[in-house]
Every structure is written in structure tokens, then in C-alpha cells.
Amino acid sequence: QKEVEQDPGPLSVPEGAIVSLNCTYSNSAFQYFMWYRQYSRKGPELLMYTYSSGNKEDGRFTAQVDKSSKYISLFIRDSQPSDSATYLCAMRDSGGSNYKLTFGKGTLLTVNP
Amino acid sequence: KAGVTQTPRYLIKTRGQQVTLSCSPISGHRSVSWYQQTPGQGLQFLFEYFSETQRNKGNFPGRFSGRQFSNSRSEMNVSTLELGDSALYLCASGRSGTGGYSPLHFGNGTRLTVT
């Protein structure tokens, strides 16, 4: 079993839809949870991060972490064609380096006009 | 402020050759990490350098190596290339190292194709 599992999709939705992206993980030591967005031929860019459990909102994006279920989610409200990209979840434990992240394989999202 | 710069953007090499990839971090960032991205395995951590010292290493064979210079620029080397080394190699930089949270900023990668 991989440490982080993410449904690769592809996921196709109409413009304006609410999108739900999810990851599950097995390592209970993970404390920091991140979502990255990666456009074609580009590097990943950080969207949001959450420490431990709870919700975090930033504009149209909401990140949720449920540590008891080892499950994290990213919700995108009022999705736009510009949101079409691959979304990657990433996580790390509380000790050690900030930069040794474990990633999911990514979900390819297409938002149709 | 310039982002993370990786050169070259594309490389084609033959099996058995070696390759060197270059990364210039964001100004002021002292930590540089390298990741390999493939369709089958996704993003996998290769290694991290901080102040010219390798601080962490992922589960890759010794053919993969790197170094960091005093100006924080980093190079990654892969020797005796194999077909399976074809991938997007991503460099990322950050301000510091341990504890708390500090964002990781990625470059646009070097696409390596091994034939």
C-alpha cells in the first residue's frame, strides 16, 4: 500500500460546478497537508496548506483534513476553465525537513465552458 | 522576484550516458530539493540540500547524485542512464529547513528522455 493514495481521474465537470478532490494516507505521523496545482508543462504551485486537522478556506478553495480517518479533501467552488490542471496532494510529518514531501499521484481536472 | 530556474528545459540522452541538470533557487532560499515525476510513480523525493550539505535522501540508486554550491545553486547528476530514468525532474527551493512550515517553490522542470 502506498503511503498516499489519490484517484487519478480524469475528472470532467461543467463550469460553475463544485469540485471535490481527495487523498487518503496511511502514515499517522503526517501533520502538514498541502495541495498543489500543476498546469501542463509547468511545475507544481502551492494552493493551500493545513496543519493537523480542520478546515481552511481561501477564496473559492477549501481544504479539509480528517486525521482520524486519514483523509484530506480540496473543494473548489464555482469552478472555472482556468482551474483545469492536475491537482496533487502532499504531506509531511512534523519533524525533519520541511521539504521531504510525500505526494499523491495527482488528479487531472478539466472544467468545461 | 525571479522564481526557481531550471536548465535545460529538455534533454535527450542515450542509455549509458550521464547527465547534469542545473537549478537556481529563489534569491534568499538556502534549501534546494529535487523530485522525479513520472506517470507511473508520480512525484518522488530524490534529495535535499541545505547550506551545501545533503540533508535528506530518497530511495533512489547511487547513480543519482547532487550537490549544492555556496550561492545555493544546485546540480543533479545521473550516471549510466537507463530507459526508466526518463522523467520530469523538478527542483524546488525554500527558505529554511526543519520545524514549522515553510512553503516549497517549484521550478518548471527538466524533461529528460533516455533512448
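For clarity, every value in this text was computed on a predicted model and none was experimentally measured.

A. Local environment of the interface of chain B and chain A. Residue-level contacts link 31 residues of chain B with 21 residues of chain A. Here chain B meets chain A over a buried area of about 2100 Å², counting both sides, of which 51% is carbon and sulfur. At the junction of chain B and chain A, the tally comes to zero salt bridges. Inspection of the region where chain B meets chain A yields eight residue pairs in polar contact (both at pLDDT 80 or more). Considered class by class, the residues forming the side of chain B that touches chain A number ten nonpolar, 16 polar and five charged.

B. Local environment of the nonpolar core. Counting residues in each nonpolar core, the largest one holds 24 residues, and the members touching the most others are A:W35, A:I72, A:L74, A:Y87 and A:M91. Mapped onto this core, the elements with two or more residues apiece are β3 (19-25), β4 (30-38), β5 (45-51), β7 (61-66), β8 (71-76), β9 (85-93) and β11 (107-112) of chain A.

C. Summary view of the environment of B:T5. Residues and elements named next belong to chain B. Along the polypeptide, T5 turns up in strand β1 (residues 5-7). On the basis of relative accessibility, which here comes to 40%, the residue T5 falls in the partly exposed class. Excluding residues within four positions of it along the chain, T5 makes contact with S22, C23 and S24.

D. Spotlight on the packing of aromatic side chains. Within the structure shown, the criterion is met by eleven aromatic pairs over all chains. Where A:Y36 meets A:F103, the ring centres are 5.7 Å apart and the plane angle is 50 degrees; that geometry is what we call tilted. Placement of A:Y36 in strand β4 and of A:F103 in strand β10 (residues 102-103) is noted, with a sequence separation of 67 residues between them. The burial state of A:Y36 is the same as that of A:F103; both residues are buried. One aromatic cluster is present, formed by A:Y36, A:F103, B:Y35, B:F45 and B:F106 through successive ring pairs. Note that A:K56 overlies the ring of A:Y49, its terminal NZ or CZ placed 4.0 Å from the centroid. Lying over the aromatic face of B:F50, B:R55 brings its terminal NZ or CZ to 4.3 Å of the ring centre.

Quick notes on the rules
- Residues numbered from 1 in each chain as written.
- Chains lettered and ligands numbered in written order.
- Predicted model: local features only at pLDDT ≥ 70, side-chain atom pairs only at ≥ 80, totals over all residues.
- Heavy atoms only, no water.
- Contact = heavy atoms within 4.5 Å.
- Buried area = accessible area lost by both parts, 1.4 Å probe.
- Salt bridge = Lys/Arg side-chain N within 4 Å of Asp/Glu carboxyl O.
- Polar contact = N/O pair within 3.5 Å; in protein donor to acceptor, adjacent residues only side chain to side chain.
- Nonpolar A, V, L, I, M, F, W, Y, C, P; charged D, E, K, R; others polar.
- Core = buried A, V, L, I, M, F, W, Y, C linked by side-chain atoms within 4.5 Å.
- Buried < 20%, exposed > 50% of the residue type's maximum accessible area, 1.4 Å probe, protein only.
- Helix = DSSP H or I, 4+ residues; strand = E, 2+ residues; numbered from the N terminus.
- Phe/Tyr/Trp six-rings, centres within 6.5 Å; stacked < 30°, edge-to-face > 60°.
- Lys NZ or Arg CZ within 6 Å of the ring centre and 35° of its normal.

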